[in-house]
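Listed below are the residues making up each chain.
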Amino acid sequence: MLKKFFFLFVFAFLSFFYSCSNSGTEDLSENSSSLKAAAEKKISGTDWTFELEKDRLTQDISTVNSIEKKIKLTPQVLLNSNYAAKLNPVYPYLEGFGSLDTSNFNSEIKKMSAEFASGLCKNQFSTAFFDASDIYELALFSLELKNRWQETFGLPYPGSEEEASEKSPLSSEQNSEKQNPVEQKGGEGAEKSEEKTVILFDEYLLGEPFQMNSLCEVPVRFVLKDTGFADIMLFFAKNTEGKWKIDQLQILKMQGKSETGENVDKSGR
């Protein structure tokens, strides 16, 4: 009798354990299915972007096809290889000015731009680059440049009477006599006076030109070291004879440096 009750007790215990175990498994399976379904729903409902540069992380760039593997790849080796000749050049870019890419520069316009800029650095306003009807543009440009010089750079315009009076302790009458040695030394003094070059800017940079049909715009940055710079746009156009001439100039920006060395636009334009 006891043996019979023992077997019934063991059977009931095993049945209870199996049912509990089976219930936990079903709950776990159901939870797993729910999480998987939620994840799949989230993935399918998300707009994914196209993968950029797919092979960049897996591509081997330690070797180049045109260079033998036994040669150590260095910048110098790469620049002197045939591979470098096939690469597109990278040109510098100045913030607030633009690209310095002059690879597509019209040779005639580039030469005229360089000659005009070089002359302007020496305070020379040549009329040779203008048609007779556009010379007034040069006069207006010269006047605006002189008017904005003092307030932008905090210095008298080079070669002006204000600059001469600041540099010389002599009176205006004595200074005038000193600047005019013709009366004292004749022609020799006049030649020496004419040979004196006034430096307006230290250097210039030609920017990327924009050309369309018979019109072309050339940005130029004129730099006055430790003082500031001036960005000027040269507008070229073909005249009735088919020759390129400057028909307009525009001062885009004049900016000086503060005492901290940072560029500050003092002109307010």
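Residues numbered from 1 in each chain as written. Predicted model: local features only at pLDDT ≥ 70, side-chain atom pairs only at ≥ 80, totals over all residues. Heavy atoms only, no water.

S.K.: Talk me through the overall build of the protein chain; I want residue IDs and the actual numbers.
M.R.: Looking only at helices and strands, the protein chain features nine helices and eight strands. The buried share of the protein chain, reckoned over its 269 residues, is 28%. Partitioning the contacts of the protein chain with sequence separation of at least 6, the portion at a separation of at least 24 is 47%. (Helix = DSSP H or I, 4+ residues; strand = E, 2+ residues; numbered from the N terminus. Buried < 20%, exposed > 50% of the residue type's maximum accessible area, 1.4 Å probe, protein only. Contact = heavy atoms within 4.5 Å.)

S.K.: Explain the confidence of the model for the protein chain residue by residue, including any values.
M.R.: When pLDDT is averaged along the protein chain, the result is 77; 68% of the residues meet or exceed 70. Model confidence for the protein chain, summarised as mean pLDDT per element, is weakest for helix α8 (residues 182-185) at 43 and strongest for strand β3 (residues 203-206) at 96. Here residues 169-193 scores under 50 on pLDDT; set against residues more than four positions off or in separate chains, the count is eleven contacts. (pLDDT = per-residue confidence, 0-100.)

S.K.: Go over the nonpolar core, please, and point to the residues and values.
M.R.: Of all hydrophobic cores here, the largest spans 32 residues; its most connected members are F116, L145, W149 and F236. Where this core is concerned, the elements lending two or more residues are α4 (107-121), α5 (135-153), β5 (215-224), β6 (228-238) and β7 (244-257). It is α4 that provides the largest number of residues to this core, a total of six residues. In this view, F236 contacts I109, M112, S113, S214, L215, C216, V218, W244, K245, I246 and D247; residues no more than four positions away in its chain are not counted. (Core = buried A, V, L, I, M, F, W, Y, C linked by side-chain atoms within 4.5 Å.)

S.K.: Which residues make up α5, and what are the values?
M.R.: Over its 19 residues, α5 extends 27 Å from the first C-alpha to the last, a length consistent with the 27 Å expected when each residue adds 1.5 Å. The sharpest bend along α5 reaches about 25° and sits at N147. All of the buried residues in α5 are E137, L138, F141, S142, L145, R148, W149, T152 and F153. Of the surrounding elements, those touching the buried residues of α5 are α4, β5, β6 and β7. At the C-terminal side of α5, G154 shows a positive phi close to 70°. (Expected span 1.5 Å × (residues − 1). Bend = angle between axes of the 7 residues up to and from the residue.)

S.K.: Could you give an account of the packing of aromatic side chains, with specific residues and numbers?
M.R.: Tallied over the entire structure, the rule returns eight aromatic pairs. Seen in terms of ring centroids, Y204 and F222 are 6.4 Å apart; in terms of plane orientation they differ by 45°. Their pairing is tilted. With a gap of 18 residues between them, Y204 in strand β3 and F222 in strand β5 connect regions that are remote in the sequence. Here F222 falls in the buried class, since its relative accessible area comes to 1%. These aromatic residues form a ring-pair network of at least three members: W149, F153, Y157, F201, Y204 and F222. (Phe/Tyr/Trp six-rings, centres within 6.5 Å; stacked < 30°, edge-to-face > 60°.)

S.K.: Would you mind going over the pattern of salt bridges in detail, with residue names and values included?
M.R.: Inspection of the entire model under this criterion finds three salt bridges. Here R148 makes a salt bridge to E144, at a shortest N to O gap of 3.0 Å. Of this pair, R148 and E144 both sit in helix α5, separated by four residues, roughly a single helical turn. The partner of D231 in a salt bridge is R221, and the shortest N-O contact between them spans 2.7 Å. Here D231 is found in strand β6, whereas its partner R221 is found in strand β5, with ten residues between them in sequence. Residue D231 is classed as buried on the basis of its relative accessible area, which comes to 2%. When its relative accessible area of 10% is taken as the criterion, R221 is described as buried. (Salt bridge = Lys/Arg side-chain N within 4 Å of Asp/Glu carboxyl O.)

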